[in-house]
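Overview (structure and organization)
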Amino acid sequence: ENYDELRKTLQKKVSSMEEQMNFVDSEIAKLDSQIEQNELDIYNRNERLYGAKEELKDRLRAIYVSGANSNLAILLGAESLGDYLARTELLRGVSDHDKQLMDSLLKEVGEINQIKNQNDNAKAKNAVLKSELQQKRAQYDTEYEQATAMLSQISGEQDELYHTHEELDEVI
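In what follows, the accompanying structure is described. (Residues numbered from 1 in each chain as written. Predicted model: local features only at pLDDT ≥ 70, side-chain atom pairs only at ≥ 80, totals over all residues. Heavy atoms only, no water.)

1. Focus on the nonpolar core
Judged by nonpolar contacts, Val-14, Met-17, Met-21, Val-24, Ile-28, Leu-31, Ile-35, Ala-122, Leu-129, Leu-133 and Tyr-140 together constitute the single largest core of 11 residues. Looking at this core, the elements that each hand over two or more residues are α1 (2–66) and α3 (81–171). The element best represented in this core is α1, accounting for seven residues. For Ile-35, the residues in contact, after removing those within four places along its chain, are Asn-119, Ala-122, Lys-123 and Asn-126. If you look at the next biggest cluster of nonpolar residues, it comprises eight residues, including Leu-49, Ala-52, Leu-56 and Ile-112. (Core = buried A, V, L, I, M, F, W, Y, C linked by side-chain atoms within 4.5 Å. Buried < 20%, exposed > 50% of the residue type's maximum accessible area, 1.4 Å probe, protein only. Helix = DSSP H or I, 4+ residues; strand = E, 2+ residues; numbered from the N terminus. Contact = heavy atoms within 4.5 Å.)

2. A word on the pattern of salt bridges
A full pass over the atoms with the stated rule returns 15 salt bridges. Between Glu-27 and Lys-30 there is a salt bridge, and its shortest N-O distance comes to 3.5 Å. Placement of both Glu-27 and Lys-30 in helix α1 is noted, with a separation of three residues, approximately one turn of the helix. For Glu-27, a relative accessible area of 18% translates into the label buried. (Salt bridge = Lys/Arg side-chain N within 4 Å of Asp/Glu carboxyl O.)

3. Comments concerning the side chain of Arg-45
With respect to the secondary-structure elements, Arg-45 resides in helix α1. Residue Arg-45 is classed as buried on the basis of its relative accessible area, which comes to 15%. At a separation of 2.3 Å, a polar atom in the side chain of Arg-45 contacts the side chain of Glu-111. If we skip the residues at most four places from it in the chain, Arg-45 touches Glu-108, Glu-111, Ile-112 and Ile-115. (Polar contact = N/O pair within 3.5 Å; in protein donor to acceptor, adjacent residues only side chain to side chain.)

4. Comments concerning the packing of aromatic side chains
Taken as a whole and assessed by the stated rule, the structure comprises one aromatic pair. Aromatic side chains Tyr-140 and Tyr-144 sit 5.8 Å apart centroid to centroid with 20° between the ring planes, which places their arrangement in the stacked category. With a gap of four residues between them, Tyr-140 and Tyr-144 both fall in helix α3, about one helical turn apart. Note on Tyr-144: relative accessible area 42%, which makes it partly exposed. (Phe/Tyr/Trp six-rings, centres within 6.5 Å; stacked < 30°, edge-to-face > 60°.)

5. Some points on the environment of Gln-158
Tracing the chain through its elements places Gln-158 in helix α3. Look at Gln-158 and you get partly exposed, because its relative accessible area is 37%. Residues Gln-158 and Tyr-3, 155 residues apart in the sequence, show an inter-C-alpha distance of 8.6 Å.

6. Here we look at the packing of α1 against α3
In contact at an axis separation of 6 Å, α1 and α3 are set at 165° when each is read in the N-to-C sense. Taken as axis vectors, α1 and α3 run roughly antiparallel relative to one another. In this structure, α1 crosses over α3, and the sense of that crossing is left-handed. (Axes fitted to C-alpha atoms, helices over the stretch in contact; angles between N-to-C directions. Parallel < 35°, antiparallel > 145°, perpendicular 65-115°, else oblique. Left-handed = near helix turned anticlockwise from the far one by under 90°.)

7. Considerations on the environment of Glu-143
By the secondary structure assignment, Glu-143 is in helix α3. Between the C-alpha atoms of Glu-143 and Leu-10, which are 133 residues apart in sequence, the distance is 9.1 Å. Ignoring sequence-local partners within four residues, the contact set of Glu-143 consists of Lys-13 and Met-17. Polar contacts involving the side chain of Glu-143 include one to the side chain of Lys-13, which spans 3.3 Å.

Right under this line is the structure:
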């Protein structure tokens, strides 16, 4: 009877440890999935960022090469007041577009850095969970071996008692 109670207690303990390890395994899998998704997101954002940077470089190169995008150059090159106002409005539109492009670049860089920080945190948490899991597995293995040895010993003792009991019954 004590043997069965001990066996049940040990089985419950083993089951509990297995549940804990399964939980940690699932947490690690979730973090791995999150890290993978974040890395894909970072890659896609870097691709968009690269395209926007190239567009901005082309715009700046065009401004430098043309040299006619300053207010003074527009004023001196204008044939009439209407021509000056049209060129000024065009320059303002281009400047607004460039500012929006710069703002979007800065925003994208900030978001990429934020995702990288999330990934770093997830990787650190993942490392801690993997370490905990390794410790739990080592503890589980040790306790499982001890429990198995104890149950084998008790089973052997029980068999020995049973045989001794049978021998006594034969003598009686």
